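# Architecture and fold: a report
Listed below are the residues making up each chain.
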Amino acid sequence: AQLDTLDLIVLVVLALATVAYFTKGTYWGVQQDPYASSFANGNGAKAGKSRDIIEKMEESDKNCVVFYGSQTGTAEDYASRLSKEGYQRFGLRTMVADLEDYDFENLDKFPEDKLAIFVLATYGEGEPTDNAVEFYEFINGEDPSFSEAEGDTPLKNLKYVAFGLGNNTYEHYNSMVRNVNKALEKLGATRIGEAGEGDDGAGTMEEDFLAWKEPMWSALSEKLGLEEREAVYEAVFDVQEKADIDANADHVYLGEPNKNHLEGQSKGPYGANNPYIAPISESKELFKAKDRNCLHMEIDIAGSNLSYTTGDHVAIWPTNSGKEVDRFLSIIDLDVDRRHTVIAVKALDPTAKVPFPSPTTYEAVVRYHMEICAPVSRQFVAALAQFAPNDDVKAEVTKLGEDKDYFNAQVSKLHLNIAQLLEILSKGEKWTKVPFSFFIEGIHKIQPRYYSISSSSLVQKDKISITAVVESSSAPNAPHVLKGVTTNYLLALKEKQHGVENPEVNGLNYAITGPRNKYDGIHVPVHVRHSNFKLPSDPSKPIIMVGPGTGVAPFRGFVQERAALAKKGEKVGKTLLFFGCRKKAEDFMYEDEWKQYAADLGDSFEMHTAFSRDGPEKVYVQHKIKAVAKEINELLQQKAYFYVCGDAAVMAREVNQLLGKIISEQRGIPEQKGEDAVKAMRASNQYQEDVW
Ligand code: FAD
């Protein structure tokens, strides 16, 4: 039977309605604004996106994917640099991919003519970064279940390149890239070039990366027959100024982290992509010395649905200081007239992500989303040469880009940030030729900073406390004093809470009330990160804690918890704390509180203090530990838990070695056996570290 016109109309309408229902209106223009970045949706929601990397590469015509496993943004930055370089210099059709966004069951079908690059940071005790956990577990699984794999070499078609970011002060140095590399090789994949390793502990990460990548590109060109071409800059993002839109229009992001926040109904679940704007209920300075001060803050999480357990970390989302925001906008000539101009930012490549919500303003991007104060990379400077304001500056920038030692002396050692460097190089002449996209591509997303929670969730489940030293340091001959981004912001919040109207701390001021005054009344954006740094579930077990300086933070929480349990009449085991600072009268944190905890805990509490600048000899916690070696060994034999928190570079390593020595001496066994005993303690969680 033939359909008449009415039937046809009904069918078409029905079909369209069905499409509309299943696509939730995306074909109808509801979410069609290409400048409204997916970033805005918050909550990490990536609804409807394919998790099939091969499909994604096919549909976007890519032949090289750069995966990253990143915690603090550095690996992500390296991934995007490799991606850009691969395209610009070698014509690879590259894309960057967050490991978390894809499944890997079909990695065995990865086409032979494509390439995967893995940039993998190792986190903490040899762990994968949060976004790489699933990938890591899958690839290291007993038997990764690939979709169609047969035989022992399911990944025989996969060609890959690998670089790891690690820290040699940790025992499991670069274990992420090492283990992934091993797993991939075992599964039959072919690595091209060496697997690179960067060392943050030695402070050589950037140079390790730069030194690794040239031979890697050579190996790659040879293997894949790539021709190097003259690299030309192509913007990744289209940035359009919208003169007709007022910056105060409701849909313009002025620093709000995502759509919920913009619409004024920030809602949970809160996490790494969606902070809770928490009230600070109390703030004070624990000490204030000539060149340092230390903050204690209570962050109220009541009603937020956020929760924590003693030993967890809280992440604080910082805001750049007005001074550095002004400096940055001024030197690239976006100050006065243009800083509040509304901009719409769109990725020109379908696989690139705009790292902040759009539309927004230049100022909001620089203040809330870019890590403008961080160390500057030599590769970034090298690429800046093409946009220098004049030939003299260009020559100097080129030299900095090419000469590692010169760069180190002129930039790294002086702790310059990008705007300070630009100012010095051009002697204040504006850098008008740099496309804004270049900065979006080259400057990290601002990162939340972690703090070891210094309260007990048992004692105060709705209040998270932090203990933070305000960072301020000057390098020899440096033209500027380096001010920690987050800690100075927190100090300003504390000042404001204590009645200072427009606080200026260490010469810095902050947009304390946040975008559209949403943080007014002393609020700070936070989320909680759960950690494995935990008290034994049985409080009668003995514990030994080593926490000099701010390393004492989590132990205040531990002791607070055990004191509360003791007060309730529970049996609490030996609670031994080693604390160290410079001078008893200067920076002895929580001095009065320890007395109260000692009263509550009675004999089970024992605190050993080391003051490094009070006497003729420098005394450190290590000395104090040694002095009670016998007791420590006995407690360990009673299965005491041993905790270390604070400085990773020196203290934690020395304490680790010392403990091995103590065990060997006290038990009369060879030193190697002492070290092995510490290793075994680590493996069984009897030895735990929270270090940074
Ligand atoms: P940033 O601006 O991040 O600067 C920090 C350092 O980076 C500077 O001191 C400098 O060495 C370097 N740097 C920055 N910019 C430059 C530049 N342009 N050139 C050269 N070098 C530069 N801290 C605490 O005080 N208490 C805690 O309980 C605590 N717990 C932590 C727990 C974990 C798991 C981790 C990872 C860290 C912890 N930290 C803690 C450290 C904290 O996260 C921050 O790193 C610290 O407060 C400094 O942050 P900031 O933003 O003020 O400084």
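Residues numbered from 1 in each chain as written. Predicted model: local features only at pLDDT ≥ 70, side-chain atom pairs only at ≥ 80, totals over all residues. Heavy atoms only, no water.

## What about the site of the ligand?
Quick reminder of the rule: We define proximity as follows: a residue is near a molecule or strand when any one of its heavy atoms falls within 4 Å of that partner. Nitrogen and oxygen atoms within 3.5 Å of one another constitute a polar contact, given that in protein one can donate a hydrogen and the other can accept it, and given that sequence-neighbouring residues count only through two side-chain atoms. Every helix listed is a DSSP run of H or I at least four residues long, and every strand listed is a run of E at least two residues long, numbered separately from the N terminus. For the domain bounds, the source is a domain assignment made automatically or taken from a database.
If you check the shell around the ligand, you find 23 residues, and the closest are Tyr450, Tyr451, Glu471, Thr486 and Thr487. In this structure, tyrosine 451 approaches the ligand through a side-chain N or O atom, which is 2.7 Å from an oxygen atom. Elements with a minimum of two residues in the shell around the ligand: β14 (449–452), β15 (463–469) and α15 (485–497). In terms of domain composition, the shell around the ligand takes at least three residues from each of domain 3 (235–375 + 415–531) and domain 4 (543–691).

## What about the nonpolar core?
Inclusion rule: By nonpolar core is meant a set of buried Ala, Val, Leu, Ile, Met, Phe, Trp, Tyr and Cys residues that side-chain atoms within 4.5 Å join together. Residue burial is assigned from relative accessible area. The probe radius is 1.4 Å, only protein chains are included, and a residue is buried under 20% of its type maximum, exposed over 50%, and partly exposed in between. Residues are treated as being in contact if the distance between any of their heavy atoms lies within 4.5 Å.
Core analysis: the biggest nonpolar cluster contains 45 residues, and Phe328, Met370, Leu384, Trp431, Phe436 and Phe439 have the highest contact counts within it. Counting only elements with at least two residues in this core, the list comes to α8 (322–331), β12 (342–347), α9 (362–369), α10 (378–384), α11 (391–402), α12 (404–412), α13 (418–426) and α14 (436–442). Looking at this core, the element that brings in the most residues is α13, giving five residues. Among all residues touching phenylalanine 328, those that are not within four sequence positions of it are Val366, Met370, Ile372, Ile418, Ala419, Phe439 and Ile443. With 33 residues, the next largest nonpolar core counts Tyr276, Val314, Ile453 and Ala492 among its residues.

## Re helix α16 (residues 553–567)
Counted only if it meets this: In this analysis, the expected span of each helix is defined as 1.5 Å times one less than the number of residues it contains.
With 15 residues, α16 should reach 21 Å at 1.5 Å per residue; the first-to-last C-alpha distance of 22 Å fits that figure. Of all 15 residues in α16, 13 are buried; the element is thus mostly enclosed. Of the residues trailing α16, glycine 569 is marked for its positive phi of about 100 degrees.

## Re the sheet that holds strand β13 (residues 360–361)
Formally: Pairs of strands are assigned from DSSP output, requiring at least two bridges between the strands.
Pairing is antiparallel across the open sheet formed by three strands, whose spatial order is β8-β12-β13. Both outer strands of the open sheet, β8 (237–241) and β13, are each paired with one neighbouring strand and no more. With five bridges joining them, β8 and β12 adopt antiparallel strand pairing. Of the residues in β12, the one forming a bridge with valine 239 is valine 345.

## A short note on the pattern of salt bridges
In a structure, side chains of opposite charge can pair up when their charged atoms sit close to one another. Our working rule: Within this document, salt bridges are pairs made up of a side-chain nitrogen of Lys or Arg and a carboxyl oxygen of Asp or Glu, the two lying within 4 Å of each other.
Under the definition given, this model contains 41 salt bridges. The shortest N-O distance in the salt bridge between aspartate 101 and lysine 353 comes to 3.3 Å. With aspartate 101 in the loop between β2 (94–98) and β3 (115–123) and lysine 353 in the loop between β12 and β13, the pair connects residues that are 252 residues apart, well separated along the chain. Accessibility expressed as a relative area gives 39% for lysine 353, which makes it partly exposed. Glutamate 634 is paired through a salt bridge with lysine 630; the nearest N and O atoms lie 3.2 Å apart. Of this pair, glutamate 634 and lysine 630 both sit in helix α20 (residues 629–637), four residues apart, roughly one helical turn. The class for lysine 630 is exposed, based on a relative accessible area of 54%. Through salt bridges with shared partners, one network takes in Glu85, Arg89, Lys213, Glu214 and Glu228.

## A look at the packing of α11 against α12
Convention followed: What counts as an axis is a line fitted to C-alpha atoms, over the stretch in contact for a helix, and the angles between N-to-C directions run from 0 to 180 degrees. Put simply, angles under 35 degrees are roughly parallel, angles over 145 are roughly antiparallel, angles from 65 to 115 are roughly perpendicular, and the rest are oblique. Three residue categories are used. Nonpolar comprises Ala, Val, Leu, Ile, Met, Phe, Trp, Tyr, Cys and Pro, charged comprises Asp, Glu, Lys and Arg, and polar comprises the others, including Gly.
Taken N-terminus to C-terminus, the directions of α11 and α12 make an angle of 110 degrees; their axes are 5 Å apart at the nearest point. The angle between α11 and α12 falls in the class roughly perpendicular. On the side of α11, the interface is formed by Glu396, Lys399, Leu400 and Glu402, while α12 contributes Lys404, Tyr406, Phe407, Gln410 and Val411. Each residue belonging to the contact of α11 with α12 can be placed in one class, and the counts come to four nonpolar, one polar and four charged.

## Brief notes about a negative patch on the surface
The following threshold applies: Patch definition: residues above 30% relative accessible area lacking any salt bridge, with like charges linked at up to 9 Å and the nonpolar side chains Val, Leu, Ile, Met, Phe, Trp and Tyr linked at up to 5 Å. Residue burial considers only the protein chains on display, and all accessible areas are found by Shrake-Rupley using a 1.4 Å probe. Positive charge is attributed to Lys and Arg, negative charge to Asp and Glu, and no charge count is given to His or to the chain ends. Throughout, a charge is located at the NZ atom of Lys, the CZ atom of Arg, the CG atom of Asp or the CD atom of Glu.
Together, Glu665, Glu671, Glu675 and Asp676 make up a negatively charged patch on the protein surface. Ranked by the residues each element gives to the negative patch, the list is headed by helix α22 (residues 671–683), at three residues. Residue placement: glutamate 665 occurs in helix α21 (residues 648–667).

## Some remarks on the side chain of histidine 369
Along the chain, histidine 369 turns up in helix α9. Look past the residues within four positions of histidine 369 in its chain and what remains in contact with it is Gly255, Glu256, Phe356, Pro357, Ala364, His444, Lys445 and Ile446.

## Section: the packing of aromatic side chains
What counts here: Side-chain rings of Phe, Tyr and Trp, where Trp is taken by its six-membered ring, are said to pair if the distance between their centres is within 6.5 Å; with planes under 30 degrees apart they count as stacked, over 60 as edge-to-face, and otherwise as tilted. By definition here, charges over rings are those cases where NZ of Lys or CZ of Arg is within 6 Å of the ring centre and within 35 degrees of the ring normal.
By the definition in use, this model includes 35 aromatic pairs. Summarising the aromatic geometry, the rings of phenylalanine 533 and phenylalanine 555 are spaced 5.9 Å apart at their centres and angled 40 degrees between planes, so their arrangement reads as tilted. Here phenylalanine 555 lies in helix α16 and phenylalanine 533 lies in the loop between β18 (523–529) and β19 (543–546), a separation of 22 residues in the sequence. On the basis of relative accessibility, which here comes to 3%, the residue phenylalanine 533 falls in the buried class. Grouping aromatic residues by their ring pairs yields a cluster made of Phe67, Tyr102, Phe104, Phe118, Phe135 and Tyr160. Against the face of tyrosine 87 rests arginine 229, its NZ or CZ located 5.2 Å from the ring centre. Across the ring face of tyrosine 406, the terminal group of lysine 399 is positioned such that the distance to the ring centre comes to 3.9 Å.

## As for the confidence of the model for the protein
It should be kept in mind that the predicted coordinates are not to be read in detail where pLDDT is low. This is how the line gets drawn: Scored between 0 and 100, pLDDT is the confidence that the predictor attaches to each residue.
In this model, the protein carries a mean pLDDT of 93, and residues with pLDDT of at least 70 account for 93%. Note that residues 19–31 has pLDDT below 50 and, in this model, 11 contacts with residues that lie over four places away or in other chains.

## Some remarks on the sheet that holds strand β22 (residues 641–646)
The parallel open sheet is built from five strands, whose spatial order is β21-β20-β19-β22-β23. Because the sheet does not close on itself, it has two edges, and the strands there are β21 (605–611) and β23 (687–691). The average undirected angle you get between the axes of adjacent strands in this sheet is 10 degrees. Two strands pair when backbone bridges link them, and β19 and β22 are joined in this way by four bridges, in the parallel orientation. Paired with methionine 545 across the strands is tyrosine 643, a residue of β22.

## Details of the environment of valine 526
Turning to its location among the elements, valine 526 is positioned in strand β18. Sequence-distant contacts of valine 526, defined by excluding residues within four places in its chain, comprise Pro275, Tyr276, Ala278, Ile299, Leu306, Val314, Ala315, Ile316 and Trp317.

## A few points about the packing of α8 against α9
For any two helices packed against each other, one specifies the crossing angle of their axes together with the interaxial distance. For the record, the criterion: Crossing handedness is defined as follows: a turn of the near helix away from the far one that is anticlockwise and smaller than a right angle gives a left-handed crossing, while the clockwise case is right-handed.
Contact geometry of α8 with α9 gives a least axis separation of 10 Å together with a crossing angle of 130 degrees. By the angle between their directions, the pair α8 and α9 is classed as oblique. Once α8 is placed against α9, the crossing between them reads as right-handed. Side by side, α8 and α9 meet where Gly322, Val325, Phe328 and Leu329 of the first sit next to Tyr362, Glu363, Val366 and Arg367 of the second. Class assignment of the residues belonging to the contact of α8 with α9 gives a composition of five nonpolar, one polar and two charged.

## As for the environment of aspartate 520
Locating aspartate 520 in the fold gives a position in the loop between α15 and β18. Judged by relative accessible area, aspartate 520 falls into the partly exposed class, the value being 42%. With 241 residues separating them in the primary sequence, aspartate 520 and proline 279 have C-alpha atoms 9.1 Å apart.

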